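So the chains spell out like this:
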Amino acid sequence: MEALSFLTPSAMNTKTKMRWQGNDNKPKFIPATGLQLKTSAKLSARAEILNNKREIAASSTPQPLREKIMKQLDKGILLENGFVFRQNFTVRSFEIGIDSKISLGTLTNYLQETSLNHQKGLGLLADGFGSSPKLIPRDLIWVVCWSRIEVDHYPSWGDVMQVDTWKYRSGKSGYGCNWHIRDFNTGKTLMRATSLYVMMNKKTRRFAKIDEEIREELKPCITDSDPMLPNNNRKIIKLNIDNADHVRTGLMPGWTDMDINRHVSHIKLLNYVLEGVPCSIIQSHELSEMFLEYRNECNGDR
């Protein structure tokens, strides 16, 4: 285990904790078992062939049905009466890095995609990212407050990942989102993640509280469950440029870094943080855990 500290651009105001581990001693963790996933009645007859791609290919199921099932998994399906969303992703050639493995930034893109598709499947997505029918008239959007990620294994080109996501209530001012990524063929856990979302006013850029009407709108997707990776109220020590092990300056947001909510995407901010890691660490270690706390917005002006 090797500790690493570095300073990110002050404009981001993003606090980060990272843990790196040598490639010969990768971290292991037990997959979460707190949420037992069951297929809906409509898909129960196909449940046995949803688990393994090789079983689908070798089964006696007619070819048109096999293809239909695979397309469903790629587009995503709702499970547990809509409380859980599952989607498959195949790692493409332009998503891997110099080590032939997928990047953490791409993995987090999958997290965002499944979360948004979950809301879309329930009719709770409107007017871009992080919005819903009840939020639009109030100029409110959901934004990420903090994220915690643990990676056990990074997939390679051609690997198929199965992503499960579900949401849970978190206090009076937000909701949490869990993700569990597995290898589609083996069922092995690849990654777990949890994020906390809070509401922000698009005009004032200030946080807002959830009222009963919005809480009622969220009911179709909020489960009575716990975060897979809790925050634990961990405090991130403020870094001093004179004490930092490594300093990277000159990272400035560009127009292509902005998302539909007119600020730098939280995934782009993660990539900014990783740009501060020395090449010597990147080449000899794999990132096994990261905790990010977003303190302020980052846009093209600062």
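The structure presented is a predicted model; accordingly, all values stated were derived computationally and were not measured.

Participant: Would you explain the nonpolar core in this entry?
Facilitator: The tendency in soluble globular proteins is for nonpolar side chains to be buried side by side. Counting residues in each nonpolar core, the largest one holds 43 residues, and the members touching the most others are Leu104, Leu107, Trp142, Met161 and Met191. Looking at this core, the elements that each hand over two or more residues are helix H3 (104-121), strand E5 (140-151), strand E6 (160-170), strand E7 (174-183), strand E8 (189-201), helix H4 (212-218), helix H5 (266-275) and strand E12 (285-294). Residues in contact with leucine 104, not counting those within four places in the same chain, are Ile149, Val151, Tyr154, Met191, Leu270, Leu274, Leu287 and Met290. If you look at the next biggest cluster of nonpolar residues, it comprises 11 residues, including Ile69, Ile77, Leu79 and Met228.

Participant: Could you clarify how one ought to interpret the packing of aromatic side chains in this entry?
Facilitator: For any two aromatic rings, the description comes down to two numbers: the centre-to-centre distance and the angle of the planes. Within this structure, the stated rule accounts for 4 aromatic pairs. Between phenylalanine 89 and tyrosine 110, the aromatic rings sit 4.3 Å apart at their centres with planes inclined by 15°, giving stacked as the arrangement. With phenylalanine 89 in strand E4 (residues 84-90) and tyrosine 110 in helix H3, the pair connects residues that are 21 residues apart, well separated along the chain. Here the two residues phenylalanine 89 and tyrosine 110 agree in accessibility, since each one is buried. An aromatic cluster is present here, built from Trp142, Tyr175 and Tyr197 joined pairwise through their rings.

Participant: In this structure, what is going on with the pattern of salt bridges? I would like to understand it.
Facilitator: Two side chains carrying opposite charge are able to pair once their charged atoms lie near each other. Considering all chains together, one arrives at 13 salt bridges under this definition. For the salt bridge of arginine 192 with glutamate 150, the shortest nitrogen-to-oxygen distance reads 3.0 Å. Of this pair, arginine 192 sits in strand E8 while glutamate 150 sits in strand E5, and the two are 42 residues apart along the sequence. Just as arginine 192 is buried, glutamate 150 falls in that class too. Salt-bridge contacts for lysine 219 lead to glutamate 216; the nearest nitrogen and oxygen are separated by 3.3 Å. Here the salt bridges do not stand alone but share partners, grouping Lys134, Arg138, Asp211 and Glu213 into one network.

Participant: I'm lost on the state of the cysteines in this one. Help?
Facilitator: In protein chemistry, a disulfide is the covalent bond that joins the sulfur atoms of two cysteines. Applying the stated criterion across every chain yields a total of 0 disulfides. Sulfur of cysteine 177: no disulfide; nearest cysteine sulfur belongs to cysteine 221 and is 8.7 Å away.

Participant: Would you take a moment to explain the pairing of E7 for this structure?
Facilitator: Consecutive side chains along a regular strand alternate between the two faces of the sheet. Of all 10 residues that make up E7, 10 are buried, and the element is covered over most of its length. Every second residue of E7 is oriented toward a common face, with Gly174, Gly176, Asn178, His180 and Arg182 on one face and Tyr175, Cys177, Trp179, Ile181 and Asp183 on the other, all of them buried. Relative to E7, E6 runs antiparallel, the two being bridged by 10 bridges. If you follow valine 163 over to E7, its bridge partner there is isoleucine 181. In this antiparallel pair of consecutive strands, E6 and E7, the connection spans 3 residues, and glycine 171 shows a positive phi of 65°.

Participant: Mind showing me how you'd approach the environment of asparagine 261 here?
Facilitator: By the element assignment, asparagine 261 lies in the loop between strand E11 (246-247) and H5. Given a relative accessible area of 10%, asparagine 261 falls into the buried group. Put simply, asparagine 261 and serine 131 are 130 residues apart on the chain and 9.7 Å apart in space, counted from C-alpha to C-alpha. Dropping the residues within four chain positions of it, asparagine 261 is found in contact with Phe129, Ile141 and Arg205.

Participant: I tried to follow the packing of H3 against H5 on my own but got confused; where do I start?
Facilitator: Working note: a packed helix pair is described by the angle between its axes plus the distance between those axes. Following both chains from N to C, one finds H3 and H5 inclined at 165°, their axes separated by 10 Å at the closest point. Between H3 and H5, the angle falls in the class roughly antiparallel. For H3 against H5, the interelement crossing comes out right-handed. Within the contact between the two elements, H3 uses Leu104, Gly105, Thr108, Asn109 and Gln112 and H5 uses His266, Ile267, Leu270, Asn271 and Leu274. Here the residues of the contact of H3 with H5 sort into 4 nonpolar, 6 polar and no charged.

Participant: I keep staring at the confidence of the model for the chain and nothing clicks. Help me out?
Facilitator: Note that predicted coordinates carrying low pLDDT should not be read in detail. Overall, the prediction assigns the chain a mean pLDDT of 78, with 77% of residues at 70 or greater. Contacts from residues 1-12, a stretch scored under 50 in pLDDT, to residues over four places away or in other chains number 36 contacts. In the model, residues 25-52 has pLDDT below 50 throughout and makes 53 contacts with residues more than four positions away in sequence or in other chains.

Participant: What should I look at first to understand H3 in this one?
Facilitator: In an α-helix, one turn spans 3.6 residues, which is why side chains three or four residues apart end up on the same side. Over its 18 residues, H3 runs 26 Å from end to end, which matches the ideal 26 Å to within 8%, given 1.5 Å per residue. Most of H3 is tucked away: 13 of the 18 residues are buried. Backbone geometry just downstream of H3 places glycine 123 in the positive-phi region, at approximately 75°.

Reading guide: rules and limits
- Residues numbered from 1 in each chain as written.
- Predicted model: local features only at pLDDT ≥ 70, side-chain atom pairs only at ≥ 80, totals over all residues.
- Heavy atoms only, no water.
- Core = buried A, V, L, I, M, F, W, Y, C linked by side-chain atoms within 4.5 Å.
- Buried < 20%, exposed > 50% of the residue type's maximum accessible area, 1.4 Å probe, protein only.
- Helix = DSSP H or I, 4+ residues; strand = E, 2+ residues; numbered from the N terminus.
- Contact = heavy atoms within 4.5 Å.
- Phe/Tyr/Trp six-rings, centres within 6.5 Å; stacked < 30°, edge-to-face > 60°.
- Salt bridge = Lys/Arg side-chain N within 4 Å of Asp/Glu carboxyl O.
- Disulfide = S-S within 2.5 Å.
- Pairing = 2+ DSSP bridges.
- Axes fitted to C-alpha atoms, helices over the stretch in contact; angles between N-to-C directions.
- Parallel < 35°, antiparallel > 145°, perpendicular 65-115°, else oblique.
- Left-handed = near helix turned anticlockwise from the far one by under 90°.
- Nonpolar A, V, L, I, M, F, W, Y, C, P; charged D, E, K, R; others polar.
- pLDDT = per-residue confidence, 0-100.
- Expected span 1.5 Å × (residues − 1).

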